[in-house]
Amino acid sequence: MAAIFAYKCRKCDELHEGSPSFAFDAPAPYRYLSEQEREEWAELTEDLCVISHPEGTQYYVRALLEVPIHGVEEPFLWGIWVSASETSFHRYLDSYDEPPEDPIFFGWLSNLIAVYPTQKSRPADVHIQTDGTRPRVVLHRTGDESDALVIDQHEGISVARAQQLAEQSMHGI
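Below you will find a few notes about this structure. (Residues numbered from 1 in each chain as written. Predicted model: local features only at pLDDT ≥ 70, side-chain atom pairs only at ≥ 80, totals over all residues. Heavy atoms only, no water.)

**Section: the overall build of the chain**
Moving on, step 1. Of the regular secondary structure elements, the chain holds five helices and ten strands.
Moving on, step 2. Relative to the 2.2 N^0.38 estimate, which gives 16 Å for 173 residues, the radius of gyration of the chain is 17 Å and therefore close to what a compact globule would have.
Moving on, step 3. Overall, the chain is about 50 × 40 × 35 Å in size when its C-alpha atoms are taken along their principal axes.
Moving on, step 4. Taking all 173 residues of the chain together, 41% fall into the buried category.
Moving on, step 5. Within the chain, contacts between residues separated by at least 24 positions form 54% of all contacts whose residues are at least 6 apart in sequence.
Moving on, step 6. For the chain, the accessible surface area stands at approximately 9500 Å², while carbon and sulfur atoms represent 50% of it.
Moving on, step 7. Averaging the positions of the 13 positive and the 29 negative side-chain charges in the chain gives two centres separated by 9 Å. (Helix = DSSP H or I, 4+ residues; strand = E, 2+ residues; numbered from the N terminus. Rg over C-alpha atoms; globule rule 2.2 N^0.38 Å. Buried < 20%, exposed > 50% of the residue type's maximum accessible area, 1.4 Å probe, protein only. Contact = heavy atoms within 4.5 Å. Areas by Shrake-Rupley, 256 points an atom, 1.4 Å probe, with all protein chains shown as cover. Lys, Arg positive; Asp, Glu negative; His and termini not counted. Charge placed at Lys NZ, Arg CZ, Asp CG, Glu CD.)

**Topic: a negative patch on the surface**
Moving on, step 1. Negative charge collects at one region of the surface, where Asp94, Asp97, Glu98, Glu101 and Asp102 lie side by side.
Moving on, step 2. Inspection of the secondary structure puts glutamate 98 in the loop between helix H3 (86–94) and strand E8 (104–108).
Moving on, step 3. Of the residues examined, glutamate 98 reaches a relative accessible area of 57% and is grouped as exposed. (Patch = residues over 30% accessible without salt bridge, like charges linked within 9 Å, V, L, I, M, F, W, Y side chains within 5 Å. Salt bridge = Lys/Arg side-chain N within 4 Å of Asp/Glu carboxyl O.)

**Concerning the nonpolar core**
The nonpolar side chains of a soluble globular protein tend to be buried, and buried together.
Moving on, step 1. Within the largest apolar cluster, 37 residues are counted, with the highest numbers of intra-cluster contacts made by Val61, Leu65, Phe76, Trp78, Ile80, Tyr116 and Val137.
Moving on, step 2. Looking at this core, the elements that each hand over two or more residues are strand E5 (48–53), strand E6 (56–67), strand E7 (76–84), H3, strand E9 (123–127), strand E10 (136–139), helix H4 (148–155) and helix H5 (159–171).
Moving on, step 3. Other than its neighbours up to four places away in sequence, valine 137 contacts Ala63, Leu64, Leu65, Ile80, Val82, Ala124, Asp125, Val126 and Gln153. (Core = buried A, V, L, I, M, F, W, Y, C linked by side-chain atoms within 4.5 Å.)

**A short note on the packing of aromatic side chains**
The relation between two aromatic rings is expressed through the spacing of the ring centres and the mutual angle of the planes.
Moving on, step 1. In total, this model carries seven aromatic pairs according to the counting rule given.
Moving on, step 2. Seen in terms of ring centroids, tyrosine 59 and phenylalanine 89 are 4.9 Å apart; in terms of plane orientation they differ by 40°. Their pairing is tilted. One end of the pair, tyrosine 59, is in strand E6; the other, phenylalanine 89, is in helix H3, and 30 residues separate them in sequence.
Moving on, step 3. Judged by its relative accessible area of 13%, tyrosine 59 falls in the buried class.
Moving on, step 4. Residue phenylalanine 89 is classed as buried on the basis of its relative accessible area, which comes to 4%.
Moving on, step 5. Pairing tyrosine 92 with tyrosine 96 gives two aromatic rings, centres 5.3 Å apart and planes at 75°, and the pair type is edge-to-face. (Phe/Tyr/Trp six-rings, centres within 6.5 Å; stacked < 30°, edge-to-face > 60°.)

Structural data, given as structure tokens:
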């Protein structure tokens, strides 16, 4: 049986128990809008974001990106946002009432996770869950095998790496 993740933080000296989890409250493109633009163009809920600006409409879905921690039951979770096409967005909305025939759609990671050095959008498959939980995101492996986030998600991380990422995310160390 896998262990429960726990560590004593080197920055705040507190004991943290349970696998780390960090979340973004909006996709990055929403954050880039001025307050006036947000009021005029954007609609943001806990799980959905639509930005209808003069150049077109952008759709975003809140999702989970899991990074396995070796020897630990629960993964390191990133609550992120992914882009969706209009068709995929509406298929996702329809999945609230009935599971979709095809539960996977393409999206782009739409947040910059500061503890990872590559600050670019990443292509991903978004898996709609039939149990009512947020979609799960699986990042694509591309020709760039140096992307630490992609490597961490596909290969998992050590307990020490999980602690390092959690401390950096909480305290910037």
